[in-house]
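An overview of the molecular structure
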Amino acid sequence: MEAVAGIGCGSASASAAWRIGTGRSRAVGGAGGRGRVRVRVRAAGSSGSDVVEFEQVQGEKVRWAGDDPLAKFVSGLIAIKPLFSLLQTGAKNVMVRTAEKSGIPWKEMVEEMQASDVYAELKTLENPALVYPDYYIQPFHGYNTGNLSWEAAFDCEPATRALWKRTFPALDSWKEAGELSRGNWADAIDSHHASFSGGLPVGDVVDLGCSTANSSRFLADRFPTAQVTGLDLSPYFLAVAQRQEKDAMRKKPIRFVHANAECTGLPSKSFDVVSIAYVLHECPQSASRKILREAHRLLKPMGTLAITDQSPKSKAIQKLHPALWILMKSTEPWLDEFYRLDLEAELQECGFTNYRSVLTNPRHFTATATAAM
Ligand SMILES: C[S@@+](CC[C@H](N)C(=O)[O-])C[C@H]1O[C@@H](n2cnc3c(N)ncnc32)[C@H](O)[C@@H]1O
(Lines give C-alpha, C1' and ligand atoms only; values in the text may rest on other atoms or scores of the structure.)
Protein backbone atom coordinates (compact mmCIF):
# COMPACT_ATOMS: atom_id res chain seq x y z
CA MET A 1 0.00 0.00 0.00
CA GLU A 2 1.39 3.41 -0.94
CA ALA A 3 1.34 5.58 2.18
CA VAL A 4 -2.43 5.36 2.26
CA ALA A 5 -3.80 4.89 5.73
CA GLY A 6 -6.98 4.81 7.70
CA ILE A 7 -9.49 4.27 4.93
CA GLY A 8 -12.82 4.19 6.68
CA CYS A 9 -15.12 5.15 3.87
CA GLY A 10 -17.04 2.31 2.30
CA SER A 11 -19.12 3.98 -0.39
CA ALA A 12 -17.93 5.34 -3.71
CA SER A 13 -19.97 8.51 -3.40
CA ALA A 14 -18.52 9.45 -0.02
CA SER A 15 -14.95 8.79 -1.00
CA ALA A 16 -15.40 10.63 -4.29
CA ALA A 17 -16.00 13.72 -2.12
CA TRP A 18 -12.53 13.52 -0.60
CA ARG A 19 -10.44 16.47 -1.50
CA ILE A 20 -7.09 17.84 -0.50
CA GLY A 21 -8.78 21.11 0.49
CA THR A 22 -10.89 19.38 3.11
CA GLY A 23 -7.88 17.84 4.81
CA ARG A 24 -4.67 19.27 6.18
CA SER A 25 -1.06 19.02 5.13
CA ARG A 26 1.42 18.87 7.96
CA ALA A 27 5.17 18.58 8.04
CA VAL A 28 6.58 15.62 9.92
CA GLY A 29 10.17 14.57 10.48
CA GLY A 30 13.36 16.61 10.03
CA ALA A 31 13.73 20.32 9.41
CA GLY A 32 15.53 22.39 6.79
CA GLY A 33 13.72 21.04 3.73
CA ARG A 34 14.66 17.41 4.47
CA GLY A 35 11.39 16.56 6.23
CA ARG A 36 8.31 14.85 4.93
CA VAL A 37 5.02 16.50 4.17
CA ARG A 38 2.00 14.37 4.84
CA VAL A 39 -0.98 15.24 2.72
CA ARG A 40 -4.14 14.29 4.54
CA VAL A 41 -7.29 13.92 2.52
CA ARG A 42 -10.58 13.54 4.32
CA ALA A 43 -14.22 13.26 3.37
CA ALA A 44 -15.99 16.55 4.01
CA GLY A 45 -17.77 16.39 7.36
CA SER A 46 -16.44 12.94 8.11
CA SER A 47 -14.82 11.74 11.29
CA GLY A 48 -11.05 11.75 11.70
CA SER A 49 -10.87 8.10 10.77
CA ASP A 50 -11.86 8.69 7.14
CA VAL A 51 -8.42 9.82 6.10
CA VAL A 52 -6.17 9.04 3.18
CA GLU A 53 -2.59 10.10 3.72
CA PHE A 54 0.23 10.31 1.25
CA GLU A 55 3.69 11.61 1.72
CA GLN A 56 5.86 14.08 -0.09
CA VAL A 57 9.47 13.47 0.80
CA GLN A 58 11.83 16.41 0.51
CA GLY A 59 15.57 16.17 0.05
CA GLU A 60 15.51 12.59 -1.21
CA LYS A 61 15.34 11.57 -4.82
CA VAL A 62 14.15 8.79 -7.04
CA ARG A 63 17.10 6.43 -7.45
CA TRP A 64 15.89 4.73 -10.61
CA ALA A 65 15.47 7.87 -12.72
CA GLY A 66 17.50 10.97 -13.48
CA ASP A 67 21.25 11.14 -12.86
CA ASP A 68 21.67 8.42 -10.24
CA PRO A 69 24.21 5.67 -11.18
CA LEU A 70 21.49 3.04 -10.64
CA ALA A 71 19.24 4.90 -13.11
CA LYS A 72 22.05 4.96 -15.68
CA PHE A 73 22.74 1.25 -15.18
CA VAL A 74 19.08 0.32 -15.70
CA SER A 75 18.82 2.58 -18.75
CA GLY A 76 21.92 0.85 -20.16
CA LEU A 77 20.31 -2.57 -19.69
CA ILE A 78 17.09 -1.44 -21.32
CA ALA A 79 19.06 -0.15 -24.31
CA ILE A 80 19.95 -3.77 -25.17
CA LYS A 81 17.39 -4.43 -27.94
CA PRO A 82 16.27 -8.05 -27.24
CA LEU A 83 15.91 -7.31 -23.52
CA PHE A 84 14.01 -4.11 -24.33
CA SER A 85 11.49 -5.98 -26.55
CA LEU A 86 11.02 -8.65 -23.91
CA LEU A 87 10.40 -6.04 -21.20
CA GLN A 88 7.95 -4.13 -23.38
CA THR A 89 5.84 -7.22 -24.08
CA GLY A 90 6.08 -8.17 -20.40
CA ALA A 91 5.00 -4.70 -19.28
CA LYS A 92 1.89 -4.71 -21.48
CA ASN A 93 0.89 -8.24 -20.44
CA VAL A 94 1.28 -7.38 -16.75
CA MET A 95 -0.81 -4.22 -17.19
CA VAL A 96 -3.67 -5.98 -18.98
CA ARG A 97 -3.74 -8.88 -16.52
CA THR A 98 -3.66 -6.64 -13.45
CA ALA A 99 -6.35 -4.36 -14.87
CA GLU A 100 -8.70 -7.23 -15.69
CA LYS A 101 -8.25 -8.61 -12.17
CA SER A 102 -9.34 -5.28 -10.71
CA GLY A 103 -12.52 -5.11 -12.77
CA ILE A 104 -11.37 -3.15 -15.83
CA PRO A 105 -12.57 -5.17 -18.86
CA TRP A 106 -9.59 -4.16 -21.02
CA LYS A 107 -10.09 -6.64 -23.88
CA GLU A 108 -13.85 -6.01 -24.03
CA MET A 109 -13.34 -2.24 -24.15
CA VAL A 110 -10.89 -2.60 -27.02
CA GLU A 111 -13.26 -4.89 -28.95
CA GLU A 112 -16.11 -2.44 -28.52
CA MET A 113 -14.02 0.40 -29.98
CA GLN A 114 -12.81 -1.82 -32.82
CA ALA A 115 -16.43 -2.52 -33.75
CA SER A 116 -17.47 1.17 -33.64
CA ASP A 117 -17.44 3.77 -36.43
CA VAL A 118 -14.40 5.50 -34.89
CA TYR A 119 -12.40 5.07 -38.11
CA ALA A 120 -14.47 7.72 -39.90
CA GLU A 121 -13.42 10.36 -37.34
CA LEU A 122 -9.76 10.17 -38.34
CA LYS A 123 -10.34 11.83 -41.74
CA THR A 124 -12.20 14.73 -40.18
CA LEU A 125 -9.41 15.44 -37.70
CA GLU A 126 -6.07 14.58 -39.21
CA ASN A 127 -3.82 17.41 -40.33
CA PRO A 128 -1.93 15.79 -43.22
CA ALA A 129 0.63 18.62 -43.28
CA LEU A 130 1.74 17.98 -39.70
CA VAL A 131 5.40 17.01 -39.33
CA TYR A 132 5.92 14.73 -36.32
CA PRO A 133 8.93 15.40 -34.09
CA ASP A 134 11.56 12.62 -34.12
CA TYR A 135 10.88 11.57 -30.53
CA TYR A 136 7.26 10.88 -31.43
CA ILE A 137 7.90 8.39 -34.22
CA GLN A 138 9.91 5.97 -32.12
CA PRO A 139 8.64 2.81 -30.33
CA PHE A 140 6.87 3.89 -27.18
CA HIS A 141 4.70 2.36 -24.43
CA GLY A 142 5.36 -1.06 -25.96
CA TYR A 143 3.96 -0.08 -29.40
CA ASN A 144 6.34 -0.19 -32.36
CA THR A 145 4.71 2.86 -33.92
CA GLY A 146 4.37 4.70 -30.61
CA ASN A 147 1.12 6.60 -30.27
CA LEU A 148 0.46 6.54 -34.00
CA SER A 149 -1.77 3.47 -34.18
CA TRP A 150 -5.31 2.31 -33.50
CA GLU A 151 -3.94 -0.29 -31.10
CA ALA A 152 -2.41 2.40 -28.88
CA ALA A 153 -5.56 4.52 -29.16
CA PHE A 154 -7.93 1.70 -28.17
CA ASP A 155 -5.76 0.85 -25.15
CA CYS A 156 -5.80 4.43 -23.81
CA GLU A 157 -9.03 4.34 -21.83
CA PRO A 158 -8.46 1.00 -20.05
CA ALA A 159 -4.81 2.01 -19.44
CA THR A 160 -5.93 5.28 -17.83
CA ARG A 161 -8.37 3.42 -15.57
CA ALA A 162 -5.60 0.99 -14.61
CA LEU A 163 -3.34 3.93 -13.77
CA TRP A 164 -5.93 5.33 -11.36
CA LYS A 165 -6.38 1.97 -9.68
CA ARG A 166 -2.60 1.60 -9.25
CA THR A 167 -2.35 5.13 -7.90
CA PHE A 168 -4.79 4.50 -5.05
CA PRO A 169 -4.63 0.71 -4.56
CA ALA A 170 -6.56 0.93 -1.28
CA LEU A 171 -9.64 2.44 -2.91
CA ASP A 172 -12.34 0.06 -4.11
CA SER A 173 -12.51 1.04 -7.76
CA TRP A 174 -10.64 2.84 -10.51
CA LYS A 175 -13.59 5.24 -10.70
CA GLU A 176 -13.23 6.41 -7.11
CA ALA A 177 -9.48 6.70 -7.54
CA GLY A 178 -9.84 8.64 -10.79
CA GLU A 179 -12.45 11.01 -9.39
CA LEU A 180 -10.32 11.70 -6.34
CA SER A 181 -7.17 12.33 -8.37
CA ARG A 182 -8.83 14.43 -11.05
CA GLY A 183 -10.88 16.23 -8.38
CA ASN A 184 -7.75 17.24 -6.48
CA TRP A 185 -6.12 18.33 -9.74
CA ALA A 186 -9.13 20.44 -10.76
CA ASP A 187 -9.32 21.92 -7.24
CA ALA A 188 -5.67 22.98 -7.52
CA ILE A 189 -6.45 24.74 -10.84
CA ASP A 190 -9.58 26.39 -9.45
CA SER A 191 -7.86 27.58 -6.31
CA HIS A 192 -4.83 28.95 -8.19
CA HIS A 193 -7.03 30.77 -10.70
CA ALA A 194 -9.21 32.26 -7.97
CA SER A 195 -6.13 33.46 -6.06
CA PHE A 196 -4.07 34.98 -8.86
CA SER A 197 -6.16 35.73 -11.94
CA GLY A 198 -7.95 38.87 -10.77
CA GLY A 199 -11.45 37.57 -11.51
CA LEU A 200 -10.64 36.47 -15.09
CA PRO A 201 -13.52 34.09 -15.89
CA VAL A 202 -12.64 30.63 -17.20
CA GLY A 203 -14.06 30.94 -20.72
CA ASP A 204 -11.47 29.09 -22.78
CA VAL A 205 -9.39 26.09 -21.76
CA VAL A 206 -6.87 24.14 -23.80
CA ASP A 207 -5.71 20.66 -22.82
CA LEU A 208 -2.30 20.11 -24.46
CA GLY A 209 -1.59 16.40 -25.00
CA CYS A 210 -5.21 15.43 -24.35
CA SER A 211 -4.85 11.85 -25.62
CA THR A 212 -8.37 10.35 -25.84
CA ALA A 213 -9.68 13.31 -23.80
CA ASN A 214 -10.03 11.74 -20.37
CA SER A 215 -8.53 14.94 -18.89
CA SER A 216 -10.43 17.26 -21.29
CA ARG A 217 -13.78 15.74 -20.30
CA PHE A 218 -12.99 16.32 -16.64
CA LEU A 219 -12.10 19.96 -17.42
CA ALA A 220 -15.33 20.40 -19.40
CA ASP A 221 -17.33 19.04 -16.46
CA ARG A 222 -15.49 21.28 -13.98
CA PHE A 223 -15.84 24.42 -16.15
CA PRO A 224 -19.20 23.79 -17.86
CA THR A 225 -19.48 27.26 -19.40
CA ALA A 226 -15.98 27.13 -20.89
CA GLN A 227 -15.05 26.08 -24.40
CA VAL A 228 -12.54 23.26 -23.94
CA THR A 229 -10.08 22.43 -26.71
CA GLY A 230 -8.19 19.13 -26.65
CA LEU A 231 -4.96 19.05 -28.66
CA ASP A 232 -2.77 16.06 -29.42
CA LEU A 233 -0.19 14.77 -31.89
CA SER A 234 -1.93 11.43 -32.37
CA PRO A 235 -4.89 11.59 -34.80
CA TYR A 236 -5.85 8.08 -33.64
CA PHE A 237 -6.22 9.25 -30.04
CA LEU A 238 -8.21 12.27 -31.19
CA ALA A 239 -10.50 10.09 -33.30
CA VAL A 240 -11.36 8.00 -30.22
CA ALA A 241 -11.85 11.21 -28.22
CA GLN A 242 -14.20 12.70 -30.82
CA ARG A 243 -16.16 9.45 -31.14
CA GLN A 244 -16.77 9.47 -27.37
CA GLU A 245 -17.55 13.17 -27.26
CA LYS A 246 -20.37 12.70 -29.79
CA ASP A 247 -22.12 10.41 -27.29
CA ALA A 248 -21.68 12.93 -24.43
CA MET A 249 -24.23 15.41 -25.88
CA ARG A 250 -22.47 18.27 -24.11
CA LYS A 251 -23.87 21.81 -24.48
CA LYS A 252 -20.45 23.04 -25.54
CA PRO A 253 -18.78 20.01 -27.11
CA ILE A 254 -15.03 19.73 -26.70
CA ARG A 255 -13.28 20.62 -29.95
CA PHE A 256 -10.21 18.69 -31.02
CA VAL A 257 -7.07 19.92 -32.76
CA HIS A 258 -4.41 17.73 -34.32
CA ALA A 259 -1.19 19.66 -33.69
CA ASN A 260 2.14 19.72 -31.94
CA ALA A 261 1.93 21.31 -28.48
CA GLU A 262 5.36 22.83 -29.14
CA CYS A 263 3.86 25.08 -31.85
CA THR A 264 0.09 24.75 -31.85
CA GLY A 265 -0.84 27.38 -34.43
CA LEU A 266 -3.59 28.56 -32.04
CA PRO A 267 -3.91 32.33 -31.45
CA SER A 268 -1.76 34.04 -28.80
CA LYS A 269 -3.34 35.12 -25.48
CA SER A 270 -6.54 33.23 -26.25
CA PHE A 271 -6.91 30.89 -23.24
CA ASP A 272 -7.70 31.42 -19.56
CA VAL A 273 -6.39 28.00 -18.54
CA VAL A 274 -3.79 25.78 -20.21
CA SER A 275 -3.54 22.21 -18.94
CA ILE A 276 -0.61 19.85 -19.53
CA ALA A 277 -1.63 16.57 -17.88
CA TYR A 278 0.76 13.61 -17.85
CA VAL A 279 2.54 14.81 -21.00
CA LEU A 280 5.98 16.04 -19.94
CA HIS A 281 7.28 12.66 -18.71
CA GLU A 282 6.69 11.45 -22.26
CA CYS A 283 8.82 14.19 -23.83
CA PRO A 284 12.52 14.97 -24.09
CA GLN A 285 13.51 18.13 -22.21
CA SER A 286 13.94 20.10 -25.44
CA ALA A 287 10.28 19.43 -26.35
CA SER A 288 9.05 20.14 -22.80
CA ARG A 289 10.75 23.55 -22.85
CA LYS A 290 9.06 24.43 -26.13
CA ILE A 291 5.68 23.25 -24.82
CA LEU A 292 6.03 25.44 -21.71
CA ARG A 293 6.94 28.47 -23.84
CA GLU A 294 3.98 27.76 -26.12
CA ALA A 295 1.68 27.49 -23.07
CA HIS A 296 2.79 30.97 -21.99
CA ARG A 297 2.12 32.35 -25.47
CA LEU A 298 -1.38 30.83 -25.50
CA LEU A 299 -2.42 32.16 -22.09
CA LYS A 300 -4.12 35.48 -21.56
CA PRO A 301 -2.23 37.72 -19.09
CA MET A 302 -2.98 36.37 -15.59
CA GLY A 303 -4.22 33.10 -17.04
CA THR A 304 -3.42 29.84 -15.26
CA LEU A 305 -1.11 27.03 -16.32
CA ALA A 306 -1.61 23.62 -14.70
CA ILE A 307 0.85 20.76 -15.07
CA THR A 308 0.27 17.39 -13.51
CA ASP A 309 2.67 14.48 -13.70
CA GLN A 310 4.82 12.01 -11.77
CA SER A 311 6.30 13.50 -8.62
CA PRO A 312 9.96 12.84 -7.82
CA LYS A 313 9.06 13.80 -4.23
CA SER A 314 6.34 11.18 -3.87
CA LYS A 315 7.17 8.55 -1.30
CA ALA A 316 5.12 6.05 -3.30
CA ILE A 317 7.23 6.70 -6.43
CA GLN A 318 10.49 6.57 -4.49
CA LYS A 319 9.52 3.26 -2.96
CA LEU A 320 8.31 1.59 -6.17
CA HIS A 321 9.30 -2.07 -6.42
CA PRO A 322 12.41 -2.46 -8.66
CA ALA A 323 10.53 -4.86 -10.96
CA LEU A 324 7.87 -2.20 -11.51
CA TRP A 325 10.24 0.65 -12.25
CA ILE A 326 12.30 -1.46 -14.62
CA LEU A 327 9.10 -2.29 -16.51
CA MET A 328 8.03 1.34 -16.42
CA LYS A 329 11.38 2.62 -17.67
CA SER A 330 11.34 0.12 -20.51
CA THR A 331 8.21 1.78 -21.95
CA GLU A 332 8.98 5.42 -21.07
CA PRO A 333 12.14 6.51 -22.90
CA TRP A 334 12.15 10.11 -21.61
CA LEU A 335 11.67 9.46 -17.91
CA ASP A 336 15.29 10.25 -16.97
CA GLU A 337 15.12 13.60 -18.76
CA PHE A 338 11.81 14.41 -17.08
CA TYR A 339 13.17 13.68 -13.61
CA ARG A 340 16.09 16.04 -14.29
CA LEU A 341 13.82 18.91 -15.35
CA ASP A 342 13.66 21.78 -12.85
CA LEU A 343 10.07 22.75 -13.58
CA GLU A 344 9.94 25.80 -11.33
CA ALA A 345 13.07 27.29 -12.90
CA GLU A 346 11.84 26.50 -16.42
CA LEU A 347 8.51 28.21 -15.75
CA GLN A 348 10.22 31.28 -14.34
CA GLU A 349 12.35 31.45 -17.45
CA CYS A 350 9.19 31.47 -19.60
CA GLY A 351 7.72 34.37 -17.58
CA PHE A 352 5.40 32.51 -15.21
CA THR A 353 4.92 33.64 -11.61
CA ASN A 354 3.11 32.39 -8.48
CA TYR A 355 4.49 28.84 -8.79
CA ARG A 356 2.70 26.34 -6.57
CA SER A 357 3.08 22.59 -6.42
CA VAL A 358 1.12 20.03 -4.42
CA LEU A 359 0.72 16.27 -4.46
CA THR A 360 -2.77 15.64 -5.79
CA ASN A 361 -2.58 11.88 -5.31
CA PRO A 362 0.08 9.60 -3.82
CA ARG A 363 2.18 9.58 -6.99
CA HIS A 364 1.50 12.78 -8.88
CA PHE A 365 1.94 16.51 -8.34
CA THR A 366 -0.02 19.38 -9.79
CA ALA A 367 2.01 22.52 -10.41
CA THR A 368 0.20 25.74 -11.19
CA ALA A 369 1.53 29.12 -12.29
CA THR A 370 0.29 32.46 -13.62
CA ALA A 371 1.15 33.96 -17.01
CA ALA A 372 2.82 37.37 -16.81
CA MET A 373 0.73 40.51 -17.30
C1 LIG B 1 -0.30 10.23 -21.01
S2 LIG B 1 -1.03 11.01 -22.35
C3 LIG B 1 -1.93 12.33 -21.61
C4 LIG B 1 -3.22 11.95 -21.11
C5 LIG B 1 -4.24 13.00 -20.80
N6 LIG B 1 -3.78 14.36 -20.77
C7 LIG B 1 -4.84 12.63 -19.45
O8 LIG B 1 -4.54 13.29 -18.46
O9 LIG B 1 -5.57 11.64 -19.42
C10 LIG B 1 0.24 11.98 -23.08
C11 LIG B 1 -0.22 12.56 -24.41
O12 LIG B 1 0.68 13.56 -24.83
C13 LIG B 1 0.69 13.53 -26.24
N14 LIG B 1 1.87 14.26 -26.71
C15 LIG B 1 3.17 13.98 -26.49
N16 LIG B 1 3.94 14.93 -27.07
C17 LIG B 1 3.11 15.82 -27.63
C18 LIG B 1 3.29 17.01 -28.37
N19 LIG B 1 4.51 17.51 -28.63
N20 LIG B 1 2.21 17.66 -28.81
C21 LIG B 1 0.96 17.20 -28.56
N22 LIG B 1 0.72 16.08 -27.88
C23 LIG B 1 1.79 15.40 -27.42
C24 LIG B 1 0.67 12.07 -26.58
O25 LIG B 1 0.23 11.82 -27.88
C26 LIG B 1 -0.29 11.54 -25.53
O27 LIG B 1 -1.59 11.51 -26.00
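The preceding data block contains the structure.
What counts as what
Every chain is numbered on its own, with residues counted from 1 as its sequence reads. Totals for whole chains, interfaces and linings use all residues, but because this is a predicted model, local features are given only for residues with pLDDT of at least 70 and pairs of side-chain atoms are given and counted only at 80 or more. Calculated side-chain values reflect all of the structure's heavy atoms, with hydrogen atoms and water omitted. Starting at the N terminus, helices and strands are each numbered in turn, a helix being any DSSP run of H or I of at least four residues and a strand any DSSP run of E of at least two. What qualifies as a polar contact is a pair of N or O atoms within 3.5 Å, subject to a donor-acceptor requirement within protein and to the restriction that residues adjacent in sequence count only when both atoms come from side chains. Any two residues having at least one pair of non-hydrogen atoms within 4.5 Å are treated as being in contact. We call a residue near a molecule or strand whenever a single non-hydrogen atom of that residue lies within 4 Å of it. All amino acids are sorted into three groups, where Ala, Val, Leu, Ile, Met, Phe, Trp, Tyr, Cys and Pro are nonpolar, Asp, Glu, Lys and Arg are charged, and the leftover types, Gly among them, are polar. Aromatic pairs are defined between Phe, Tyr and Trp rings, using the six-membered ring for Trp, whenever the two ring centres lie within 6.5 Å; interplanar angles under 30 degrees are classed as stacked, those over 60 as edge-to-face, and all others as tilted. Residue exposure (1.4 Å probe, protein chains only): buried if accessible area is under 20% of the type maximum, exposed if over 50%, otherwise partly exposed. For a ring to carry a charge above it, either NZ of a lysine or CZ of an arginine must fall within 6 Å of the ring centroid while also lying within 35 degrees of the normal to the ring plane. For helices, the fitted line uses only the C-alpha atoms of the stretch in contact; every axis is such a line through C-alpha atoms, and the angle between N-to-C directions lies from 0 to 180 degrees. In what follows, roughly perpendicular refers to angles from 65 to 115 degrees, roughly parallel to angles under 35, roughly antiparallel to angles over 145, and oblique to any angle outside these ranges. Each crossing gets its handedness from the near helix: less than a right angle anticlockwise from the far helix is left-handed, clockwise is right-handed.

1. Describing the side chain of S270
Looking at where S270 falls in the secondary structure, it is placed in the loop between β6 (255-258) and β7 (271-277). Of note is the side chain of S270, whose polar atom sits 2.6 Å from the backbone oxygen of P267. If near-sequence neighbours (up to four positions away) are discounted, S270 is found in contact with D204, L298 and K300.

2. Topic: the site of the ligand
In the vicinity of the ligand there are 22 residues, among which Y135, Y136, R182, D232 and A261 approach most closely. At 2.8 Å, a side-chain N or O of R182 approaches an oxygen atom of the ligand. Here S215 contributes a side-chain N or O atom positioned 2.9 Å from a nitrogen atom of the ligand. Broken down by class, the residue content of the shell around the ligand amounts to twelve nonpolar, six polar and four charged.

3. Let's talk about the packing of aromatic side chains
One pass over the full model with this rule turns up ten aromatic pairs. On the basis of an interplanar angle of 85° and a centroid distance of 6.2 Å, the ring pair of Y135 and Y136 is categorised as edge-to-face. Each member of the pair Y135 and Y136 is classed as buried. Just above the ring of W185 sits the side chain of R182; from NZ or CZ to the centre is 5.4 Å.

4. Things to note about the packing of helix α10 (residues 285-298) against helix α14 (residues 343-350)
Where α10 contacts α14, the axes come no closer than 9 Å and their chain directions differ by 45°. In this view, α10 runs oblique relative to α14, as classed from their interaxial angle. Crossing of α10 over α14 shows right-handed handedness. Contacts from R289, L292, R293 and H296 of α10 reach α14 at L343, E346, L347 and C350. Here the residues of the contact of α10 with α14 are counted per class, giving four nonpolar, one polar and three charged.

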